[in-house]
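Report on the structure
Here are the chains, one letter per residue:
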There are 2 protein chains.
Amino acid sequence: MNSYRFKIIPLNKFQSIKNLNHNNSIQNFNNIINKRFNHFNAAPKLSLDDVNPRVIKAEYAVRGLIPNKAEELRKKLLRHPNELPFKQIINANIGNPQQLKQKPITFYRSVLSILQNPSLLNDNHDSSSSINYPQDVKDRASKLLKEIGSVGAYSQSQGSLIVRESIAKFITNRDDGALAHPNDIYLTTGASDAVKLVFEVILNGERDNGVLIPIPQYPLYTAAIALKNSTPIPYYLNESDNWSTDPQKIEELVLSSLKFGIKPKILVVINPGNPTGSVLNQDNIKDILQIAAKYGIVIIADEVYQNNVFEGKKFHSFKKILLELQQNRDEFDNVQLVSLHSSSKGVSGECGQRGGYMELIGFNHEILKLFDKLVSISLCPVVTGQALMELITNPPQKGDPSYELFQFETNSIHESYKSKADALYNAFKQLDNIEVQKPQGAMYLFPKILFNERILNASKELNLQPDEFYCLKLLEQTGICVVPGSGFGQVEGTFHVRTTFLPPGNEWIHEWAKFHQNFFKKFS
Amino acid sequence: MNSYRFKIIPLNKFQSIKNLNHNNSIQNFNNIINKRFNHFNAAPKLSLDDVNPRVIKAEYAVRGLIPNKAEELRKKLLRHPNELPFKQIINANIGNPQQLKQKPITFYRSVLSILQNPSLLNDNHDSSSSINYPQDVKDRASKLLKEIGSVGAYSQSQGSLIVRESIAKFITNRDDGALAHPNDIYLTTGASDAVKLVFEVILNGERDNGVLIPIPQYPLYTAAIALKNSTPIPYYLNESDNWSTDPQKIEELVLSSLKFGIKPKILVVINPGNPTGSVLNQDNIKDILQIAAKYGIVIIADEVYQNNVFEGKKFHSFKKILLELQQNRDEFDNVQLVSLHSSSKGVSGECGQRGGYMELIGFNHEILKLFDKLVSISLCPVVTGQALMELITNPPQKGDPSYELFQFETNSIHESYKSKADALYNAFKQLDNIEVQKPQGAMYLFPKILFNERILNASKELNLQPDEFYCLKLLEQTGICVVPGSGFGQVEGTFHVRTTFLPPGNEWIHEWAKFHQNFFKKFS
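Quick caveat: nothing in here was measured; it's all calculated off a predicted structure. (Residues numbered from 1 in each chain as written. Chains lettered and ligands numbered in written order. Predicted model: local features only at pLDDT ≥ 70, side-chain atom pairs only at ≥ 80, totals over all residues. Heavy atoms only, no water.)

**Some details on the overall build of chain A**
Just so we agree on the cut-off: Secondary structure elements are defined from DSSP: runs of H or I of at least 4 residues count as helices, runs of E of at least 2 residues count as strands, and each element is numbered from the N terminus. For a compact globule the rule gives 2.2 Å times the number of residues to the power 0.38, and the radius of gyration it is set against comes from C-alpha atoms. Only heavy atoms matter for contacts: two residues are in contact if any of them lie within 4.5 Å across the pair. Methods summary: accessible areas were calculated by the Shrake-Rupley approach with a probe of 1.4 Å, and residue burial reflects only the protein chains presented. By the counting scheme adopted, Arg and Lys are positive, Glu and Asp are negative, and His together with the chain ends is not counted. Lysine's charge is taken at NZ, arginine's at CZ, aspartate's at CG and glutamate's at CD.
Broken down by element type, chain A carries 19 helices and 14 strands. Taken against the 2.2 N^0.38 rule, which gives 24 Å for 524 residues, the C-alpha radius of gyration of chain A at 26 Å falls within 12% of a compact globule. Along the longest, intermediate and shortest principal axes, the C-alpha atoms of chain A span 80 × 70 × 60 Å. For chain A, restricting intrachain contacts to residue pairs at least 6 apart in sequence, the fraction spanning at least 24 positions comes to 72%. Carbon and sulfur atoms make up 49% of the accessible area of chain A, which amounts to about 19,900 Å² in all. Side chains of chain A give 57 positive and 53 negative charges; the mean places of these two sets differ by 7 Å.

**Considering the packing of helix H6 (residues 106–116) of chain A against helix H5 (residues 106–116) of chain B**
Using the following cut-off: Orientation is described by axes fitted as lines to C-alpha atoms, over the contacting stretch for helices, and by angles from 0 to 180 degrees between their N-to-C directions. The cut-offs work like this: below 35 degrees is roughly parallel, past 145 is roughly antiparallel, 65 to 115 is roughly perpendicular, and the gaps in between are oblique. In this count, Pro and Cys sit with the nonpolar residues alongside Ala, Val, Leu, Ile, Met, Phe, Trp and Tyr, while Asp, Glu, Lys and Arg are called charged and the others, Gly among them, polar.
The N-to-C vectors of H6 of chain A and H5 of chain B enclose an angle of 175 degrees; their axes lie 8 Å apart at closest approach. Here H6 of chain A lies roughly antiparallel to H5 of chain B, going by the angle between them. Contacts between H6 of chain A and H5 of chain B pair Arg 109, Leu 112, Ser 113, Leu 115 and Gln 116 of chain A from the former with Arg 109, Leu 112, Ser 113, Leu 115 and Gln 116 of chain B from the latter. Its residues assigned to classes, the contact of H6 of chain A with H5 of chain B shows four nonpolar, four polar and two charged.

**With respect to the pairing of strand S5 (residues 263–270) of chain B**
Residue and element names in this part refer to chain B. Condition: In this scheme, a residue with accessible area under 20% of its type's maximum is buried, one over 50% is exposed, and one in between is partly exposed, where area comes from a 1.4 Å probe on protein chains only. Two strands are said to pair when DSSP picks up at least two bridges between them.
Of all eight residues in S5, seven are buried; the element is thus mostly enclosed. Summarising the sheet, S5 and strand S6 (residues 298–302) pair through five bridges and their orientation is parallel. By the bridge assignment, Leu 267 is partnered in S6 with Ile 299.

**Let's talk about the packing of aromatic side chains**
Aromatic ring pairs: the centre-centre distance and the angle between the two ring planes describe each pair. What counts, and what does not: Two rings from Phe, Tyr or Trp (for Trp, the six-membered ring) form a pair when their centres are within 6.5 Å of each other. A pair whose planes differ by under 30 degrees is stacked, one over 60 is edge-to-face, and the rest are tilted.
The tally for this structure, following the rule as stated, stands at 44 aromatic pairs over all chains. Judged by centre distance (5.9 Å) and plane angle (75 degrees), the rings of Phe 446 of chain A and Phe 488 of chain A are edge-to-face. A residue pair is termed long-range when its members are at least 10 positions apart, and Phe 446 of chain A in the loop between strand S10 (444–445) and strand S11 (448–449) and Phe 488 of chain A in the loop between strand S13 (483–484) and strand S14 (497–500) qualify at 42 residues. Both residues of the pair, Phe 446 of chain A and Phe 488 of chain A, count as buried. Judged by centre distance (6.1 Å) and plane angle (65 degrees), the ring pair of Tyr 417 of chain B and Phe 501 of chain B falls under edge-to-face.

**A few points about the relation of the copies chain A and chain B**
Defined as follows: Here the copies are superposed with least squares, the fitted atoms being C-alpha atoms of residues at a pLDDT of at least 70 in both.
Structural alignment of chain A on chain B gives an RMSD of 0.1 Å, achieved by rotating through 180 degrees and translating 0.0 Å along the axis. Read as a symmetry element, the transformation amounts to a two-fold axis. Taking the C-alpha atom as reference, chain A places Ser 113 of chain A closest to the rotation axis, 2.1 Å from it.

**Quick look at the environment of Ser 376 of chain B**
As for its position among the elements, Ser 376 of chain B is in helix H13 (residues 365–377). Ser 376 of chain B sits 220 residues away from Gln 156 of chain B along the chain, and the two C-alpha atoms are 8.2 Å apart.

**Points about the sheet that holds strand S3 (residues 209–215) of chain B**
Residues and elements named next belong to chain B. In space, the seven strands of this open sheet follow the order S2-S8-S7-S6-S5-S3-S4, with mixed pairing throughout. Of all strands in the sheet, those with a lone pairing partner are strand S2 (185–189) and strand S4 (231–236), marking the two edges. When strand polarity is set aside, the average angle formed by the axes of neighbouring strands in this sheet is 25 degrees. Examined bridge by bridge, S2 and strand S8 (residues 355–361) share five bridges and lie antiparallel to one another. Across the sheet, the residue bridging to Tyr 186 is Met 358, located in S8. Across the sheet, helix H8 (residues 190–202) touches S2, S3, S5, S6, strand S7 (337–342) and S8, and the angle it forms with S2 is around 115 degrees.

**Focus: the interface of chain A and chain B**
We apply this condition: Buried area, as used here, totals the accessible surface that two parts lose on assembly, with accessibility defined by a 1.4 Å probe and the loss added over both. Salt bridge, as used here, is a side-chain nitrogen of Lys or Arg placed within 4 Å of a carboxyl oxygen of Asp or Glu. A 3.5 Å cut-off defines polar contacts: any pair of N or O atoms within that distance qualifies, except that in protein one atom must be a possible hydrogen donor and the other a possible acceptor, and neighbouring residues in sequence count only when both atoms are side-chain atoms.
Contact with chain A, which involves 145 residues of that partner, is made by 154 residues of chain B. Both faces combined, the contact of chain A with chain B buries some 13,300 Å², and carbon together with sulfur accounts for 56% of it. Our count for the chain A to chain B interface comes out at two salt bridges. Counting every contact that joins chain A to chain B gives 58 residue pairs in polar contact (both at pLDDT 80 or more). Top element by residues in the side of chain A that touches chain B is helix H14 (residues 365–377) of chain A. It accounts for 10 residues. Considered class by class, the residues forming the side of chain A that touches chain B number 63 nonpolar, 49 polar and 33 charged.

**Observations regarding empty space enclosed by the protein**
Definition in use: A 1.4 Å probe that fits but cannot get out identifies a cavity on a 1 Å grid over protein atoms alone, an open set with protein on both sides within 12 Å along at least five of seven lines counts as a pocket, and a residue lines either if it has an atom within 4 Å of a point. Grid points are joined across faces, edges and corners, and a volume is the space filled by probe spheres set on the points.
Summed over the entire model, instances satisfying the criterion amount to 10 cavities of 30 Å³ or more. Each pocket or cavity is described by its volume, and for the largest cavity that value is around 1,000 Å³. Along the wall of the largest cavity there are 43 residues; nearest its centre are Asp 193, Lys 196 and Ser 378 of chain A together with Asp 193 and Lys 196 of chain B. Looking at the lining of the largest cavity, the elements with two or more residues in it are strand S2 (185–189), helix H9 (190–202), helix H10 (220–227) and H14 of chain A together with S2, H8, helix H9 (220–227) and H13 of chain B.

**Things to note about the sheet that holds S13 of chain A**
Residues and elements named next belong to chain A. The three strands are arranged S10-S14-S13 in an open sheet whose pairing can be described as antiparallel. Whereas interior strands pair on both sides, the edge strands pair on one side only; in this sheet they are S10 and S13. As defined by bridge partners, S10 adjoins S14 across two bridges and the pair is classed as antiparallel. In the sheet register, Leu 445 faces S14, and the bridge partner there is Thr 499.

**Overview of the domain arrangement of chain A**
All names here are of chain A. Note the following rule: Reported domain spans reflect what an automatic or database domain assignment gives.
Taken domain by domain, chain A comprises domain 1 (63–101 + 409–522) and domain 2 (184–377). At the interface, 29 residues of domain 1 touch 32 residues of domain 2. Summing the contributions of domain 1 and of domain 2, the shared interface buries around 2,500 Å²; its carbon and sulfur component is 56%. The largest share of the area that domain 1 buries against domain 2 comes from Gln 437, Gln 440 and Phe 488, three residues that together contribute 28% of it. Where domain 1 touches domain 2, the interface holds one salt bridge. At the boundary of domain 1 with domain 2, the tally comes to 14 residue pairs in polar contact (both at pLDDT 80 or more). Within the residue set of the side of domain 1 that touches domain 2, elements represented by two or more residues are helix H16 (403–429) and S10.

**Some remarks on helix H17 (residues 453–461) of chain A**
All names here are of chain A. Stated formally: Directions are taken from the helix axis to each C-beta atom, and the arc is the one they span.
Turning to H17, its buried residues number three or more, namely Ile 455, Ala 458 and Ser 459. All buried residues of H17 project into a common sector of 95 degrees when viewed along the axis, lining one side. Facing away from the buried side of H17, by more than 90 degrees, are the exposed residues Glu 453, Lys 460 and Glu 461. On its buried face, H17 sits against helix H18 (466–478) and helix H19 (507–522). Of the residues that open H17, the one with a side-chain oxygen 3.0 Å from the backbone nitrogen of Arg 454 is Asn 452. Phi for Asn 463, located one or two positions after H17, is positive at around 60 degrees.

This is how it looks when you write it as structure tokens:
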């Protein structure tokens, strides 16, 4: 650490400043500091010219123009409940199930309540703080308290060991026995935090570092790329083939980027897809892994929707496919893969608890050490969120007292997702001027809206994108809040909207259908 | 870590191959693979030359060399409890009270347990999920659930309104009525997150942006500066005057930095001090505010220890002093100030809950909009941590059922901090070769160790800084883990250690004293 102080500031600068400290070469120095309250000229406040241009450049549509307008209308509704054509805002703009009245899983919340107040474990029923939780709830809470200690204490920066062990077991089972190791798992504050960590370590902060992102994409990625001053390299998904990837196009992009002096460092894959709701097949995944192997590109596999896959489709983790390839092909031994998961999605929908993890596969030891250092600077991810990831990856088993209720709750949510997705899909299918792919998973539909000339002109007059215009009108007339496709990226000249299928009931779907028909009638 | 990978990969192969047999024969699979891919040359893995040099450069001593060594020894103790000269590791390296058996405040944890499991509110005593919490606990939980909704839902990115309202009231009372506004308050994931947000918005990512930091400092700041590629401008605190600031030196540094083409954008003040444990007086604060006003430098007032101030000293918030100055001095109208607070410190010590907030004072609207956008990209801070900040800033009042216990618990912690600080201080005072300032607040002492030639040479032979050498020996002989002053910065040629005074009991203090005397006897 001797060099530490000199790392603080370049040697030459450091010493010159020190010298200035020790001599009086600035003659007027004593005049610079007048007596404490003499007049001085005040400097102006910061303007946009003074701050980080990368933050100015970053955009995040999920909470952009339309959602902000929705927030305005919500406040207006509170003051004047009858002055708008609807009674409530329907937040279909963000995958936030518990905001839409989805009930938390009883097992998760019972254990977490004990972690917050361990005296709930007292078995003395007269005590003011005892409770008849099922035995497996109490056992799990006791075990976590024993291993983690108080949830009010910092854990290891990488995450508590018992949590990483349960996650490793979960991954091993998921991937048919391909072993996962707790040392490769880092607990994070949701998955967004993991993306920022990987970008921070791997991207050098210069324009010559590129990140391959799917279009459409989840706008966290373009925002994080802008903040890192890196170059986004968009690869378009094939909408007509249910948003599949085209490996040939991706490889061409890699080569042309290199020609332009941009090195693709990271390739982002969102599977199951956000906003597309599609699920990649094994061949897609193999081809992407080959590109990573050939060009030494790190893959971020955003797999936070891995438990949101509908019947008929199967989720294949990138890690499982990679390990299969490595059995037979040495060329795949150097592939470096980051797999993301989160407590926010699946059927838990525990967004506000900010639980998540990333598994780092295939990185050199010296690179893992950088991750260790970086996470240590943030001390640790929220410990209750870590515990929640332990519960999600290590659920009650057949025979446990909590098993039946847990099965009932999780199955009901799975089924309701499927039926809501179908209801929305079928409603769109019956409408004109809208094309939609059959939902395969995740929480979203990304229908294409076919606008006519009159709509394109009307929106141009308002200086809005046509899809923004459509979403704005939908919001103003029905209270339904969805996000324009322009916030996610789409093929030039095509227009989409992203909607979750989470809002309860079907009435909002009917409202949307009615709006859609009137909208196109008005502009026919 | 690579070594275990080599151990497990064959196992992977074995496992996966076994599983492949379920589907089709290995031969068959090889054919599929080989049909799919022609031979290609694999790219190498990332090395340190390929990644972000700023991450390589960043240092974080609080979890650096000595704490890592302590972790090794802890594991060794588990395996061989009798092979070391001590029975346990004493973690005095980090302010983590609940790791050291400090009990959480009952009121906080009772409310949080209900937020995790609202069915605890059921008043039916036969129900398996009802509990006799005091009425004010139930009322507060009900109110928070009504306003926030489920803690599993994303909140507003800035933080839930009811939480920001309670924080604003707390600040207004703290500052003798100087009004705080909920719109200026941003909930954060601890205070570290707030520092990163402010750096991200204000620093442009180039070397010509500078940050004035106290020396000694909390190493989060040098780490965050390195990650932003900015230039640290260290200003030295006056140890002999209980670590006071020297405004002349600071202004001189501002001018000399400008001469070198480095624009000081941010001035960091840690008050009460970490690692120094000192508390700034009003004149110190006024002088710093004058520099900020004159040169348009944003002040980050790291005030997370504002509730950890011992009798005889008073905490003055930068905001209160600023508003006083603005009463009669127009020159202070443009001052831009960020005040940080956290659930980790005070007497709550809820580090793992990752609660915190920042108040943004005096920024232009266009800059606040950038903060709004940046926090929206991370969706929201953990909601239970937000709720905890509401409880901390809006505690039980006289007459409330929880008041007496709350008072008892918080007073006991306050008193134990004071007596522990005094015990450690008095022990150091009686020792030779060590100088220590009287503790005024926070959780730390930062004594200066006076090493002799023989020690300097001995440490040089081991290629260690003398303070590192001292900390390493202290750890190896007593199990006490503290951090070398070199991790915080110190005047060239002086050497310190940072220790918390949190570990329970006095035995560890005697052990340290004994070690210190033997250490210097050995090298006399």
